[in-house]
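Residue-level structural notes
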Amino acid sequence: MHILRTLLAGAALVAAASTAMAAEGTLTLYTSQPNNDAQQTVDAFMAKHPDIKVTFVRDGTTKIMARLRAELEAGSTPADVLLIADNVTMEGMSRDGYLMAYPEADVSAYDEGIQDPERMWFPTKLITTGIVYNTAAPMKPASWKDLLTDETKGQIAMPSPLTSGAALIHTKTMVSNMEEGWGYYETLAANGAQASGGNGGVLKAVAGGEKLYGMVVEFLPIREKAKGAPVDFVFPEEGVSAISEPVAILSNTKNPDAAKAFVDFLISREGQELAASQGYMPAHPEVSPPEGFPPLSDIRVMAFDPAAALESAEADKDRFATIFGQN
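Keep in mind that this is a model prediction, so the values were computed, not measured.

1. Things to note about the layout of surface pockets
The calculated volume of the largest pocket comes to roughly 1,100 Å³. Contributing to the lining of the largest pocket are 38 residues, with T61, D86, S164, G165 and A166 lying nearest its centre. Going through the elements one at a time, α3 (61–74), α4 (87–95), α5 (165–177), α7 (199–207), α8 (219–226) and α11 (306–323) are the ones with two or more residues in the lining of the largest pocket. No other element matches α3, which puts five residues into the lining of the largest pocket. Looking at the lining of the largest pocket residue by residue, the classes come out as 18 nonpolar, 12 polar and eight charged. Roughly 420 Å³ of internal volume is contained in the second largest pocket. For the lining of the second largest pocket, the residue count by class is 15 nonpolar, four polar and three charged.

As structure tokens, then:
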């Protein structure tokens, strides 16, 4: 098995190298990355591939996908590659025939559990959701169940899956893995948890002392703690949910060689080291995480099925809205 895996990895490397040597021309990226991260990513890629000129269009996932969908349904889009926060959205794009498979991509080092078996999209980071708490809080949480106690009553902030794709994936992961299922969220609501907006608002509320505990993506509190903010982050003992900021090639790209070279760069060791330098947990297990993060091998990621999540997304939003009175 080891010899077969080595041969397959070698063949993928040869194919990728051939693609990179042939790539030239222009490429348009649609992305929800923060603007500075997107610019750094594009600049690093063009430094490695000077014969390819990349332009990018950046907006939040909801808005960039609305624009892309409208263009695709009208029959034309300038987009060649897509880099967004979550794989559920990628599953929808794949289902509707808008993505191109890239089976030769070298993902031999990556965990199969975070990949698309059809090779329609590829993980570029591992962004997990755990618990943030204000360092003045009387209790340091270790478990998701600690948020259900009297000590946290009225003191929990969380993003809403009605406005955050990461929060929708987190909710689906939690109800699929916690033995209480939706009962966990019903108890949270009864304990006075407040759900609204995105992850940035949760961090602001906890760092400012408005709330003492929150559910949030890990890189925000880890970055702010390093700057001196009174917050700390916990990877709960049951595990964490994760999104992988996947990249994919649009099926109607006019420059598939350049698009493949872009994917190759993001999933390469060099591309993963760039992600780590930007303060994200790399998805490549052999690339060291940034300061403040535990080794990838120490993080327990809960199971998640993106195809099932896509199927139940609207029903999950409706049930969450009912529990937290957001109808």
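2. Examining helix α2 (residues 35–48)
Here α2 spans 20 Å end to end across 14 residues, near enough to the 20 Å set by a 1.5 Å rise per residue. Where α2 is concerned, the buried positions are D37, A38, T41, V42 and F45. Taken end-on, α2 shows its buried residues confined to a sector of 130 degrees, consistent with a single buried face. Opposite the packed face of α2, turned more than 90 degrees from it, sit the exposed residues N36 and A47. On its buried side, α2 packs onto β1 (25–31), β2 (52–58), α8, α9 (256–267) and α10 (269–277).

3. Examining the confidence of the model for the protein
Overall, the predicted model of the protein reaches an average pLDDT of 91, with 93% of residues at or above 70. Taken as a whole, residues 1–14 scores under 50 in pLDDT and shows eight contacts with residues more than four places along the chain or in a different chain.

4. Concerning the packing of helix α6 (residues 182–190) against α11
When two helices pack together, their arrangement is given by the angle between the helix axes and by the axis-to-axis distance. Packing of α6 against α11 leaves a shortest axis separation of 9 Å and a crossing angle of 30 degrees. Relative to α11, α6 is oriented roughly parallel. For the crossing formed where α6 meets α11, the hand is right-handed. Contacts between α6 and α11 involve W182, Y185, E186 and A189 on the former and, on the latter, D316, R319, F320 and I323.

Parameters at a glance
Residues numbered from 1 in each chain as written. Predicted model: local features only at pLDDT ≥ 70, side-chain atom pairs only at ≥ 80, totals over all residues. Heavy atoms only, no water. 1 Å grid on protein atoms, 1.4 Å probe; cavity = no way out; pocket = protein on both sides within 12 Å on 5 of 7 lines; lining within 4 Å. Points joined across faces, edges and corners; volume = space filled by probe spheres on them. Helix = DSSP H or I, 4+ residues; strand = E, 2+ residues; numbered from the N terminus. Nonpolar A, V, L, I, M, F, W, Y, C, P; charged D, E, K, R; others polar. Expected span 1.5 Å × (residues − 1). Buried < 20%, exposed > 50% of the residue type's maximum accessible area, 1.4 Å probe, protein only. Arc of directions from axis to C-beta. Contact = heavy atoms within 4.5 Å. pLDDT = per-residue confidence, 0-100. Axes fitted to C-alpha atoms, helices over the stretch in contact; angles between N-to-C directions. Parallel < 35°, antiparallel > 145°, perpendicular 65-115°, else oblique. Left-handed = near helix turned anticlockwise from the far one by under 90°.

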